Every structure is written in structure tokens, then in C-alpha cells.
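# Breakdown of the fold
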Amino acid sequence: MMQSATHLLLLLVVLTDFAVLGTSRLSACIRWIAFQGAVLGVLSLLVGGDLAWNAWLLAAGTIIVKAILLPAFLRWAIREASIRRDVEPLVGYLASMLLGGAALGVSFGVAVSMPATVRNALLVPVALVTLIIGLIVLMTRVKAITQVIGYLMLENGVYLFGITLARRVPYLIEAGVLLDVFVGVFIMGIVVFHINREFDSISAANLSTLRES
Amino acid sequence: MRPAASAWIALAIVLVVAPGVLGVASRTRALLTRRRGAPVLQSYYDLLKLLRRGSVLSDTTSRVFRAAPVCLVASTLLAGAVIPLDGRAALIRFPGDVVALVYALAFGRFLLVLAALDTGSSFEGMGASREVTVASIVELGLFLSFGTLAALTKTSSLSGMLGAPLAAAWPTGSPAILMTAVGLFALMLAECTRVPVDDPATHLELTMIHEVMILDHSGPDLALILYSSALELSIIAAIIVTLLAPRGDMPVAVSLAVLAAGLLATGVAIGIVEATVARLRLPKIPLYLASAASLGLFSLVLVLWSSP
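Residues numbered from 1 in each chain as written. Chains lettered and ligands numbered in written order. Predicted model: local features only at pLDDT ≥ 70, side-chain atom pairs only at ≥ 80, totals over all residues. Heavy atoms only, no water.

Turning next to the nonpolar core. Counting 79 residues, the largest nonpolar core has Leu101(B), Phe146(B), Leu158(B), Met188(B) and Leu289(B) as the members making the most contacts within it. Examining the composition of this core, we find that 14 residues originate from one element, helix H9 (residues 219-244) of chain B, more than from any other. Setting aside residues up to four positions removed in sequence, Met188(B) forms contacts with Leu233(B), Ile236(B), Ala237(B), Ile240(B), Thr266(B) and Ile270(B). Core analysis: the next-biggest nonpolar cluster, separate from the first, contains 55 residues, Leu10(A), Leu43(A), Leu74(A) and Leu160(A) among them. (Core = buried A, V, L, I, M, F, W, Y, C linked by side-chain atoms within 4.5 Å. Buried < 20%, exposed > 50% of the residue type's maximum accessible area, 1.4 Å probe, protein only. Helix = DSSP H or I, 4+ residues; strand = E, 2+ residues; numbered from the N terminus. Contact = heavy atoms within 4.5 Å.)

Structure follows, in C-alpha cells:
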């Protein structure tokens, strides 16, 4: 029962990866990433196995940070910088979908040859897929805010990897990851804010034209 | 009852119910948008009306144009015969008949495209080009979905994929089967030119896909084309119904009842989609199809991964 629920949630994580890859509206992207955060929170509870107080704490912390705080923060950044339009990908949606499909094949292929030391073997390929698709989103989107979303997804992948180690390593790792995400997004949010104010655009391409003289 | 007899009865059910599924879909759509809508049997009346009319043939058309509707119905019937509609065994079955199914559907479309090009109308040529663009991506998704079923049941014949082995695979492979069913539903909407891809009710030329190609057909020819597209929809819907409710070990009567009820339920589902979802712009369609195909890919990878 618990096993199949975990499986279902992991599949949901992959489906949200693809949803972010295929959505063209920024607000929808943020909604998907928030949903993914909530799923991760429930997952950490299920995979941990023993429902000790620190497992509950971790799940609550994950959901609060990944599903509520960060999305609200992203929405605030969008509102502040008044950017409400589409995602503006460098690579088209169809091509990024195909890239996502390739990532799916590669990560499940790689996961077969990995040592099956973890209890829930599906966790490893799903973590890999989330990592790679996060990387794809990070690299192929013009706007800084979409890059933050890609970074968040990448962190979600790392977090999933962290769950696989939850048995042997204390929850300290996950707490560190959470903090990492928070700080990263915070800084990038401020950067986004500033870029928008200074250059009237938050396109990351403008960063490369920063030169003196 | 011998297996073959139940297969014939199931085929007969699909043949009879097919236009009704469209009627149910449009009725659901009408009810959800607060209209009264046409009667459920309207599509039957339309077919009868068209069958009684004469047809007008353009001087530029050749024999291809006249042969296309008949051959289209024949190829769609072949597709129906390959599928185990009664949930047990198909009328025609051989290893790899899944390819025959996809190509029978593709052959019908090819004939329609030929007939459209035969009219020499640039407008119909445009419709043909759009139809083929959509179909080429749909085919990828279809093969990925059937590949999932083949990997899951370890057979290459549809009678195995949708028969008893499917029911045996359900407890372990249900996520993959569900995703395949959802992907197939999305592909069915594209293949049968329903709402997110094409609107059968539209008569605005710039946005039409399928309807453009059949503009020059009239009378019994048009009736055959409309009937075979309804049949195609019901055939794919029958696959989805079988996926969601494997009927390999049900009694024959129950299995046939489930088939008929499932077809009508698919009509309701299509109506709900049509009432709630807006039609996609043409450039967005490939992304929609790629999403459906990636759902198929994901389920295929999942199945291959969990059963090395």
C-alpha cells in the first residue's frame, strides 16, 4: 500500500517535470513547481518509513518552503517586476519535450546499472530525470525567473537523491538542501529584481553585455 | 458461445453504436454549455439523409476520388477486425498485427488525402497537408503506446495485448496502463479530429483540418466518410475501454455490455473535453501531440525498466 503510493507520487514528480517543460505560461509553471514541492514533502514522509517526529518535521518544512513560500516569492517577484508574459524558450517547446524524452530514456537506462542499495529503486531514475529536466529548463529559457524555476527543479532532483540516503544519513542533509534552495532562490530573486529595475528587462542575455566603457 | 461468435457480435455492436458515440458527445457538449442540442440519434439521421441523396462529382476528379470512400470504410473495418473487441480474441490475429492496425488507419487517411488532392483544389491540398502533419506525429504516439502494451504483456498481437495477459499485468503495471490509456485518449482526439486539435463543428475555413479535405464529397460518399470516421473513433475508444477494464476473464455478455457502456462513456468524456477545453492554435498542436507521445514514452520506459 505504502509502496504503491510512493510509486504513484514518484510518477507524479516526473509528470510535473514534463508539465513544466511544456507550459508556456509563467504562472502555470510556478503552480506546477509548487505542486511538485508538495509531492516531495509527502514523499519524504513515505520513504522515511518510520513516522518519527523528525520525519513529520521534514515533510512539513519541505511543503512550507517548496510548495508555499518559494512559489509565493516567485509570484511576488513576477508582480514586482511586472512580467506576466510567457516563458520565452530559446529552444522550442516541442524540442524541449523531445529533450525531456531523451533525458527520461538516459536516466532510466543509467539507473539500471546503478547499485540497488536503496529500498525504493524507482527513486534513483526519477531523481535523475528531475535533475536533468531542471537543467534543461535552466539552460533553454531566456528569462531569469524561468531559470530560477529550472534551478528549483534541479534542487528537487537533488532532494530526491537525498531521500534515497535518508536511511543512513540523518535528516541534516535534507535540511541543508532546503536551506540551499532557499538562499539560492532568495539571491536570484534579488538579482532578478535588480536586473529588471536597472535594464528594464530580466533577460539573462543582458548579463553577458555588462562591460565597462 | 464460440469465441469467434462473440467477436462478430462485438464488431456488430461497434458498427451500430459508432455514430451514436458522436451523438452522445455533441449532446453532452450542448448540455454542459446550457443548450438543448441535437437529439442523440441525429448522426444516424444525417447518415440516412446523405445516403438518400445523389452525389455531385467534379469534372476534374478521377476514379480515385470515387473509390476513396469505399476503400476508407474497408480499411477501417479491417482495423476493427484486428482488435479483440470482445476482450478475448480478434477476428483476424497474427503476431505483430498491431502494425496492421496502425497502418490500416494510416491507409484510410492516405486514401482521403489522395481524394482531396484529386480535386485539384488548393484549399483541399492545404487541408491534406495539415492532416498529414498531425497524423505523422500521432503515429509515433500510437506506436509508443502499443509498445508499452507489448512490453507489458510480452506479446506482439493485439489479441494478447488486450486479452487475458493484460488482465494478468494489471496489478503490477496499472500506472503504466493508466498513463497509456490517457495518452491514447489524447491521441484519439487528434486522430479523429476532435476538439483540442480540430473542431468538427467549425466551418471557418482557415482553422479546419479534416473538414477541408471532404468538402467536395457529397451524398453517399460523404456518408461513408463520416461513418468511417465515427467507426475509427469507436475502435480506438474500444481499445481504451479494454485497457481500463480488461475483459479477458469476464463472461461474454458482461464483456459486451461493458464495451457498449464504455463506448458511450467515451462519448460523454469527449463531450466534456469539448465543452471545457478551447481549440488549440495550429502551431500548438505538435506540442500537444508530443505531450501525449511522451506520456506513451514514459510508460514504455517504466515498463521496460521494471521488468528487465
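With the exception of glycine, the majority of residues adopt a negative phi angle, and the majority of peptide bonds are in the trans configuration. Residues and elements named next belong to chain B. Located in the positive-phi region is Arg-34, a residue other than glycine, with phi close to 60°. Turning to its location among the elements, Arg-34 is positioned in the loop between helix H1 (3-32) and helix H2 (42-52). Within the chain, Thr-193 stands out as a residue other than glycine whose phi angle is a positive 50°. If you trace the backbone, Thr-193 turns up in the loop between helix H7 (164-191) and helix H8 (210-213).

Working note: α-helix, 3.6 residues per turn, so residues spaced by three or four point in the same direction. Taking 1.5 Å of rise per residue, the 25 residues of helix H10 (residues 252-276) of chain B would be expected to cover 36 Å, and the 36 Å separating its terminal C-alpha atoms lies within 8% of that figure. Those residues of H10(B) lying buried are Ser255(B), Leu256(B), Leu259(B), Gly262(B), Leu263(B), Thr266(B), Gly267(B), Ile270(B), Gly271(B), Val273(B) and Glu274(B). (Expected span 1.5 Å × (residues − 1).)

Once that is clear, we can look at the interface of chain A and chain B. Across the boundary between the two partners, chain A contributes 18 residues, which contact 14 residues of chain B. Both sides together, the interface formed by chain A and chain B hides about 1,400 Å², and carbon and sulfur atoms give 88% of it. For the pair chain A and chain B, the interface holds zero salt bridges. Applying the counting rule to chain A against chain B returns one residue pair in polar contact (both at pLDDT 80 or more). Elements with a contribution of two residues or more to the side of chain A that touches chain B: helix H1 (2-22) and helix H4 (93-112) of chain A. For the side of chain A that touches chain B, the element with the most residues is H4(A), which contributes eight residues. (Buried area = accessible area lost by both parts, 1.4 Å probe. Salt bridge = Lys/Arg side-chain N within 4 Å of Asp/Glu carboxyl O. Polar contact = N/O pair within 3.5 Å; in protein donor to acceptor, adjacent residues only side chain to side chain.)

It is worth stressing that arrangement in space is one thing and function is another; only the former is reported here.
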